[in-house]
Every structure is written in C-alpha cells, then in structure tokens.
Amino acid sequence: MSFAREAKNELTRIQDLPACCRRAELSALARLNGRIVDDEDAGRPAVEIATENAAIARRIYVHVRDVLGAPGRVIVRKNRRLRKNNTYVIRLPLPPEAVAAHLGLRLDSAAGAFVGAPADEVTKKTCCKRSYLRAAFLARGSVNAPSAHSYHLELTAGDGDHADRLEALFRHFGLLPRRLVRPKGTILYLKEGDQITEFLSLIGAHNSLFRFEDVRIMKDMRNTINRLVNAETANLNKAVRAAMAQVRDITLIQETIGLEALPPKLREVAEARLRHPEANLKELGELLPGGPVSKSGINHRLRKIHEIAMKIQSTRRPM
Ligand SMILES: [Zn+2]
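Residues numbered from 1 in each chain as written. Predicted model: local features only at pLDDT ≥ 70, side-chain atom pairs only at ≥ 80, totals over all residues. Heavy atoms only, no water.

Identification of the chain as Probable cell division protein WhiA from Hydrogenibacillus schlegelii is taken from an unreviewed UniProt entry. The annotation that UniProt attaches to the chain under Sequence similarities (unreviewed entry) is "Belongs to the WhiA family." As recorded by UniProt, the Function (unreviewed entry) comment attached to the chain reads in full: "Involved in cell division and chromosome segregation." (UniProt positions renumbered as here; feature names shortened; annotations may be inferred.)

Engineer: I keep staring at the pairing of strand β1 (residues 34–39) and nothing clicks. Help me out?
Structural biologist: Every other side chain in a regular strand lies on the same face of the sheet, so the side chains alternate between the two faces. Looking at chain direction, β1 and strand β2 (residues 44–51) are connected through six bridges and run antiparallel. Pairing of Ile36 across the sheet is with Val47, part of β2. Where β1 hands over to β2, the hairpin turn is made up of four residues, of which Gly43 adopts a positive phi near 70°. (Pairing = 2+ DSSP bridges. Helix = DSSP H or I, 4+ residues; strand = E, 2+ residues; numbered from the N terminus.)

Engineer: Is there a simple way to explain the coordination of the zinc ion in this structure?
Structural biologist: Tetrahedral metal sites with four donors have an ideal angle of 109.5 degrees; octahedral sites with six donors have ideal angles of 90 or 180 degrees. All of the protein donors around the zinc ion are Cys20 (SG), Cys21 (SG), Cys127 (SG) and Cys128 (SG); their distances to the metal are 2.3 Å. For the zinc ion, the four donor atoms in the first shell make angles of 98 to 122° at the metal, a pattern classed as tetrahedral. Mapping the donors of the zinc ion onto the primary sequence gives the spacing C-C-x105-C-C. Highlighted residues: Cys21 in helix α2 (residues 19–33) and Cys127 in helix α5 (residues 126–140), separated in sequence by 106 residues. On the basis of relative accessible area, Cys127 is assigned to the partly exposed category, the value being 29%. (Donors = N, O, S within 2.8 Å, 3.2 Å for Na, K, Ca; no water. Tetrahedral: all angles 85-135°; square planar, octahedral: opposite > 155°, others 65-115°. Buried < 20%, exposed > 50% of the residue type's maximum accessible area, 1.4 Å probe, protein only.)

Engineer: Just checking my understanding: could you explain the pairing of β2 for this structure?
Structural biologist: The sheet contact formed by β2 and strand β4 (residues 87–91) spans four bridges and is antiparallel. Within β4, the position partnered with Thr51 by the bridge is Tyr88.

Engineer: What is the right way to read the sheet that holds β2 from this model?
Structural biologist: Taken together, the four strands give an open sheet; going across it, the order is β1-β2-β4-β3, and neighbouring strands pair in antiparallel fashion. The open sheet has two edge strands with one neighbour each: β1 and β3 (73–77). Across the sheet, the mean angle from the axis of one strand to that of its neighbour is 35°, orientation sign disregarded. In this fold α2 packs onto β1 and β2, with an angle of close to 100° to the strand it touches most, β2. (Axes fitted to C-alpha atoms, helices over the stretch in contact; angles between N-to-C directions. Contact = heavy atoms within 4.5 Å.)

Engineer: Even after reading the chapter, I still don't get α5, so can you show me in this structure?
Structural biologist: An α-helix turns once every 3.6 residues. As a result, residues three or four positions apart point the same way. Between its first and last C-alpha atoms α5 spans 21 Å; for 15 residues at 1.5 Å apiece the expected length is 21 Å, and the two agree. With respect to burial, α5 is a largely interior element, 11 of its 15 residues being buried. Those residues of α5 lying buried are Cys128, Lys129, Ser131, Tyr132, Leu133, Arg134, Ala135, Ala136, Phe137, Leu138 and Ala139. (Expected span 1.5 Å × (residues − 1).)

Below, the structure is given as structure tokens:
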C-alpha cells in the first residue's frame, strides 16, 4: 500500500471529533469531491460525493448521517477496466441547496458543483481548521513516500478562492505552500521534509508522520555517511598516490646514486618508506629509528628526497 494511502487510512480512523469538526470535514469533502446529479428516484437534483477509498467512503457516510441528520445512499460503481479501483458514491439525503446551507458552501448549479471558499465560520476554530485541511487531504491530497527521490505533499485546491482559503489555513499553522495554477485547478504543495511532517502532525496522521521521520532520518544519515566515506576515499586515494610517487623517487635514488649518498635524516625516511609503503606520514614519523618525527618534518624530508630524484631524473634525460 502506498504511503499516501496508509496516511489516509490512518486519518479515517480518527474518532470522536466534535460536531463542528465533523461538519468542517464533510464541508471539505463535498466541496472537493462533490457534484450535483439528477436523482431519478427522488425526481430532483442531489449531491453525490465520490471516492475510490472504502475507508473514506465509510467516513463520509457517518458524517452525512451525523451532520445532515439522515443517512445517505451508498452506490458502488465497479470499474470495468482492469486494475482500477471501485468508486464509492454517497448520495446525500437533502437537496443541493439544503446541503449548501448546512455545510456553508456555495452552490453553482450550472457548473454542477460547489465553488469558491466555504463560509468563514466553517474554518473559524483551530480544531475546524485542522479538520478542513485533513478532509481536503483525504479528498484531493497526495504525498510521496519519504523514501522517494524528493519530498512532496500536495492538495488540489480547485478554484482560486478555495486555494486562497486553503493557503490561509496552511499559513495559520506556519506552513508556506507553493502554488501551481493548472487548468484543472490550483495545486498547493510542500517540498520541505519538516513542513510535510508538520502538516501530517496537524491533521493527526501521527503514525504516518513517525514513519516519514524514521525514513527521513535514515536517509539523511545515509547521505551524511556517504559524503564522509567519499571524502575519506578521496583523501585515501590522494595519500596512496603520494606514497607511490615517494617510493618511485626513492627507488630511483637507490638504483642510481644509492641511498648511502643521502644525508642520514633523509636516508632513514627513505628506508622507512620502502619498508612501509602503506604508512601515512604520521605513522612514518613514528617508525623512524631516531625517534618520532612530526608529520610536517616527514613531509619536509620527503620533499628534499623528491628534489634529489628530480635532479637525477633531469641528468638521465636524453639530450
Ligand atoms: Zn471544530
């Protein structure tokens, strides 16, 4: 199951919401997933709220019963196409005008949908702000798994007025969504990991938030470790290349003028380097028979050896 779906299922298990919040949730679900249809049985238009998620359908059903005072009708539309989910439709028990009045929504009969932002009082209380965002996420939200290439959480907000309201709700909780205007509706989205966890927290998806954080921490740690390992490897390669060049210098001296020709201090370093080509400069300094020599001291002597090797090299070069 996708991370987004798990988060949504978790949200549908939130119980015991106060009446104001149940209404705020139903308002967001009707606003984003509702449409006006002809109810042949009742002989009048009706509001339908559709979802492909059975757990969300159950929540809508319960909210309709509690908020509108009468149960809706559940219709399951089987999708004939393979691997497509069923669609669950809840047909609301009241006419569209009455639903709009109960839920603080604006009805656009011509468009066959609710439009604009809900009435201010729907999202006035902080608890209702959370609930409205929660249901907007249930209706039209998605979030990448934390393991995905990039962090991403988005809400399809519908028209500009509704997008403004949702953005105000985000901002109320210190979240700064970015905005993308598409022909099918404005999208609000978050790209930062800590803003996404904050959003999951404020809508009540705590288990999903912990899972998100776990993976995020592991991922960040892995990135840090990789960076360190890469840096270490780069340094190591540099050290190995330097040691190989030193061994070449020393071998050249050995084969031409002989190590005996070197001043004692250089000679002891040259011999130690030949015996321990893998040692780093600090270790090399500690291996000297005359007692430990500092890294910079060793470096200095190796440079001298290199200069001597360069001189030998230049006299050997054919004119
Ligand atoms: Zn409330």
